Amino acid sequence: MATLKTGKPCLRAKRSVRQSPEDMLAAEEQAFRRKQAQLLRRYKGQFVAFYHGRVVGHGTDDEELALRMFEKFGDAPFYIAKVSKEPTVYELPSPEVVC
């Protein structure tokens, strides 16, 4: 183990393993789900943004929140979801193949 000039042990930081953007986004979603009860008490009906497992923004307009997060974090993966008891389900038309 390395030591500092003071003779105290120097703990080296572990190398972080690079995660894919998809894995990072999945981790943010898991953090959102874990904190659902707390979020309902504080942000019910609002959108929240998660980055590194923490709430970094909230608001009633998801597009405005996303713009703020892009300004703050650039293209780093962050997660935005609406805080509600029932999950939001979006129905999108399936893409059709034109022959």
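Presented here is a report on the structure given in the accompanying data block. (Residues numbered from 1 in each chain as written. Predicted model: local features only at pLDDT ≥ 70, side-chain atom pairs only at ≥ 80, totals over all residues. Heavy atoms only, no water.)

1. A few points about the sheet that holds strand E1 (residues 47-51)
Where we set the bar: Strand pairing is assigned whenever DSSP identifies at least 2 bridges connecting the two strands. Numbering goes from the N terminus for both helices and strands, where a helix is a DSSP run of H or I of at least four residues and a strand is a run of E of at least two. What counts as an axis is a line fitted to C-alpha atoms, over the stretch in contact for a helix, and the angles between N-to-C directions run from 0 to 180 degrees. Any two residues having at least one pair of non-hydrogen atoms within 4.5 Å are treated as being in contact.
Reading across the sheet, the three strands line up as E2-E1-E3 and stay open at both edges, with antiparallel pairing between neighbours. In the strand order of this sheet, the two ends are held by strand E2 (54-59) and strand E3 (79-82), each with one partner. Strand-to-strand twist across the sheet, computed as the mean angle between neighbouring axes with direction ignored, equals 25°. Here E1 runs beside E2; their pairing, made up of five bridges, is antiparallel. Note on E2: the bridge partner recorded for Phe47 is Gly59. Relative to the sheet, helix H3 (residues 62-73) contacts E1, E2 and E3, its axis offset from that of E2 by approximately 135°.

2. Thoughts on the pattern of salt bridges
Pairing between side chains becomes possible if they bear opposite charge and their charged atoms approach one another. Quick note on the threshold: Whenever a carboxyl oxygen of Asp or Glu lies within 4 Å of a side-chain nitrogen of Lys or Arg, that contact is scored as a salt bridge. Think of it in three bands: residues with accessible area under 20% of the maximum for their type are buried, residues over 50% are exposed, and the middle band is partly exposed, with areas taken using a 1.4 Å probe on protein chains only.
Under the counting rule described, the total for this entry stands at two salt bridges. Of the charged contacts, one joins Glu29 and Arg33 as a salt bridge, the two residues approaching to 2.6 Å between their closest N and O atoms. With Glu29 and Arg33 both in helix H1 (residues 21-34), this residue pair falls four residues apart, about one helical turn. We classify Glu29 as partly exposed; its relative accessible area is 27%. Note that Arg68 and Glu64 form a salt bridge whose closest N and O atoms lie 2.8 Å from each other. Taken together, the residues Arg68 and Glu64, both in helix H3 and four residues apart, mark about one turn of the helix. A relative accessible area of 30% means that Arg68 is categorised as partly exposed. What makes Glu64 partly exposed here is its relative accessible area of 35%.

3. Examining unusual backbone geometry
The residue His52 is not glycine, and still its phi comes out positive at about 55°. Examined against the element boundaries, His52 turns out to sit in the loop between E1 and E2. Classification of His52 as exposed rests on a relative accessible area of 57%.

4. Digging into the packing of aromatic side chains
Under the convention used in this document: Each pair of aromatic rings taken from Phe, Tyr and Trp, with Trp reduced to its six-membered ring, is defined by centres within 6.5 Å and is described as stacked if the planes are under 30 degrees apart, edge-to-face if over 60, and tilted in the remaining cases.
Following the criterion strictly, the structure yields four aromatic pairs and no others. Geometrically, the ring pair formed by Phe70 and Phe78 is edge-to-face, given 5.0 Å between the ring centres and 70° between the ring planes. Look at Phe70 and you get partly exposed, because its relative accessible area is 47%. With a relative accessible area of 12%, Phe78 lands in the buried category. Among the aromatic residues, those joined into a cluster by ring pairs are Phe32, Phe50 and Tyr79.

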